[in-house]
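So the chains spell out like this:
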Amino acid sequence: MRSETRQAVDLLRTSAAPDRKHLYIGTAWLILAAGLEVIGPLLGKSLIDNHLLPHQLDWPRMIALLAGILVTGWVASLVRYVQLVRLSGLAMRSVRRLRESVYGHVLRLPMAFFDKAITGQLVSRVTNDTEAVKNLYIQVLFVMLDSSIVLTGAMLAMAWLDWRLMLVVLMLFPAVIVIVWFYQRMSAPAVTRARELRSEINAQVAESIGGMTVLQASNAALRFGERFRATNQLQYHARVAELRANAWLLRPALDLLNVLLLVGVIYSFGQREFSGLEVGILYAFVSYIARVVDPLIQITLQFSQLQQSVVAAARVNILLNEHQAVANTSAARISAGAVSIRDLRFGYAPGEDVLHDLSLEIPAGAFYGIVGHTGSGKSTLLSLLLRFYTAQHGSIAIDGIPLSTIGDTAFRDDVGLVPQDPFLLAASARDNIDMGRGYSQAQIETAARAAKAHGFIMALEEGYDTSLGEGGARLSTGQKQLIAIARALAGQPRILFLDEATSHIDSETEQVVQTALDELRGSVTLIAIAHRLSTIRDADRIIVLNHGRIAEQGTHDELMDIEDGIYQKLYLLQQLVD
Ligand SMILES: Nc1ncnc2c1ncn2[C@@H]1O[C@H](COP(=O)(O)OP(=O)(O)OP(=O)(O)O)[C@@H](O)[C@H]1O
């Protein structure tokens, strides 16, 4: 827990660092405001003890004292308001910076990190947890800092007036802490329940929107609506129970404490040893008690909240401490696109190799197909070629340059990928091809034509400006695949990887993709993983992987000639299915 607190404090400090000046100035002004607030009751005391009780009706002085009470109160409130606005600005800016740095950090994490990461949790780190860090700022700055300053000011003024009476007030502290602790214990079940039900509501909404097709097809809208209504109702009741505990338990208990304290102070005041005190002091004390109780409650109430925020901040910190992929700024880049793989050995976990001593030479501009049963290591090989992972043994070189020494930007520019899932953004066709790389319309159109996507894009009502909807919902699966190909081609890559790019499309669209690939042959090195063997039938060479080893290789005809070969069996099986 202590290390979590330290991590949380570190996080708050680093994110607020550029705003440090505001923090110092804000604190200084809050101390000044607390000082002004403390002066009011002192002026009141002077008015009572020096003028009202001895009937010294010196009107100009009395009016000045009254005006002083009012003006110090107003100015103190104004200063506090302005400073709290300043501090909330600081909190907002710090959280904005934090959120940007967390997201930026996640974007640069190595692929191996995402194997273990759970998407929902990661999203929650970037959104909910950073929001919880905002609460931490608000709690620390507003409640802890502001309330402590007010509390200290009032206690110092009381000690200055009469330290024995101040000690009576000090006895209030443990009582408030006990009451708040008791209240939190009593209301905790309702608070936890309300929180659980809120997550349940979020989960239900997310689930039903995600599965809308199934939901509507099975006519479940009414049932889901009913289920949602029931959960919502439960959450409402839990919230009401929480508020009730506050209204029936906390407030009355604290009011009682206030009264007891007043009685205590008045009683002590009436005792012999206090008999020399003036009535004005009593007035000042009563005023200060009001100023002490509220900040004290606020500080105590925040403790359980604070713990949750500290845990959230610690989680964000752990994420920020994940090592990023090391940036490679070398100038080396791909020229022709010849791939050379030597003795490659790789496993995701130690001792569980997925690829075994794989060696392969792919000449520049060649078209290579990679096939094999599920789990044979095709995608793994592709991931290594794409630098998402590093092999434990062996080497990969492009044009003779070791893969790891090619500069990041140059590598991503020169290597294109058409993934199995085209992953379209909720943006226009142009933006989906451009992907923020700033290509001209002419470049985008050339890529779309080469990918045979230009025709259907122009048929959309706003052409390249047509928004494709979330995940490209407006397009067919084949069209999405063509957009993904156009996206990869827009960068004019030297090497193009296709990962099952034709697995979800019909034969007609496959023909279109085929033509697109044929036109690229010779100018771009094509490496295609395919389940559907017709896609790579015409490849210069087909590599058959089996349990992480190259089992067969050759042209389609050569492989078909291998009696009882893996490729032959796969091909014949597919013919049967088709
Ligand atoms: N990220 C990962 N973490 C751990 N193991 C993995 C990971 N990805 C794949 N594997 C394992 O590595 C082996 C090879 O998987 P890979 O995805 O490379 O096969 P594949 O030939 O592409 O299969 P498919 O045709 O089903 O896509 C499998 O045993 C798989 O369970």
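Reading the values: the criteria
- Residues numbered from 1 in each chain as written.
- Predicted model: local features only at pLDDT ≥ 70, side-chain atom pairs only at ≥ 80, totals over all residues.
- Heavy atoms only, no water.
- UniProt positions renumbered as here; feature names shortened; annotations may be inferred.
- Pairing = 2+ DSSP bridges.
- Helix = DSSP H or I, 4+ residues; strand = E, 2+ residues; numbered from the N terminus.
- Axes fitted to C-alpha atoms, helices over the stretch in contact; angles between N-to-C directions.
- Parallel < 35°, antiparallel > 145°, perpendicular 65-115°, else oblique.
- Nonpolar A, V, L, I, M, F, W, Y, C, P; charged D, E, K, R; others polar.
- Near = heavy atom within 4 Å.
- Polar contact = N/O pair within 3.5 Å; in protein donor to acceptor, adjacent residues only side chain to side chain.
- Areas by Shrake-Rupley, 256 points an atom, 1.4 Å probe, with all protein chains shown as cover.
- Salt bridge = Lys/Arg side-chain N within 4 Å of Asp/Glu carboxyl O.
- Buried < 20%, exposed > 50% of the residue type's maximum accessible area, 1.4 Å probe, protein only.
- Domains from an automatic or database assignment.

The protein chain is annotated in an unreviewed UniProt entry as ABC transporter transmembrane domain-containing protein from Actimicrobium antarcticum. According to UniProt, the comment filed for the protein chain under the heading Subcellular location (unreviewed entry) is "Cell membrane".

(A) Spatial organisation of the pairing of strand β10 (residues 549-554). When strand β9 (residues 541-546) meets β10, the two strands line up antiparallel, connected through five bridges. Bridge pairing links I543 to Q553 in β10.

(B) Layout of the packing of helix α7 (residues 172-210) against helix α9 (residues 221-270). Here α7 crosses α9 at 170 degrees, and the two axes come no closer than 9 Å. Judged by the inter-axis angle, α7 sits roughly antiparallel to α9. Class assignment for the residues of the contact of α7 with α9 results in 25 nonpolar, seven polar and seven charged.

(C) Spatial organisation of the sheet that holds strand β2 (residues 352-362). Spatial strand order, β2-β1-β4-β5: four strands in an open sheet with antiparallel pairing. Since the sheet does not close on itself, it has two edges, and those belong to β2 and β5 (401-402), each with one partner. Alignment of strand β1 (residues 339-349) against strand β4 (residues 393-398), held across five bridges, turns out to be antiparallel. In the sheet register, S340 faces β4, and the bridge partner there is A397.

(D) Molecular detail of the site of the ligand. Surveying the vicinity of the ligand reveals 13 residues, the closest of which are G375, G377, K378, S379 and T380. Taking T380, its side chain carries an N or O atom lying 2.4 Å from an oxygen atom of the ligand. Starting from 630 Å² of accessible surface for the ligand in isolation, the protein chains cover 61%. Of all the elements, helix α11 (residues 378-385) adds the most residues to the shell around the ligand, at three residues. Its residues placed into classes, the shell around the ligand shows three nonpolar, eight polar and two charged.

(E) A look at the pattern of salt bridges. In total, this model carries 24 salt bridges according to the counting rule given. A salt bridge links R13 to D10; the shortest N-O distance between them is 3.7 Å. Linking R13 with D10, this pair stays in helix α1 (residues 2-16), spanning three residues, or about one helical turn. Here R521 makes a salt bridge to D518, at a shortest N to O gap of 3.9 Å. The exposure class of R521 is partly exposed, given its relative accessible area of 27%. By relative accessible area, which is 37% here, D518 ends up partly exposed. Through salt bridges that share partners, E37, R80, D146 and R291 make up one connected network.

(F) View of the domain arrangement of the protein chain. For the protein chain, the assigned domains read domain 1 (1-162 + 305-325), domain 2 (163-276) and domain 3 (339-577). The C-alpha-based centres of domain 2 and domain 3 are spaced at 57 Å.

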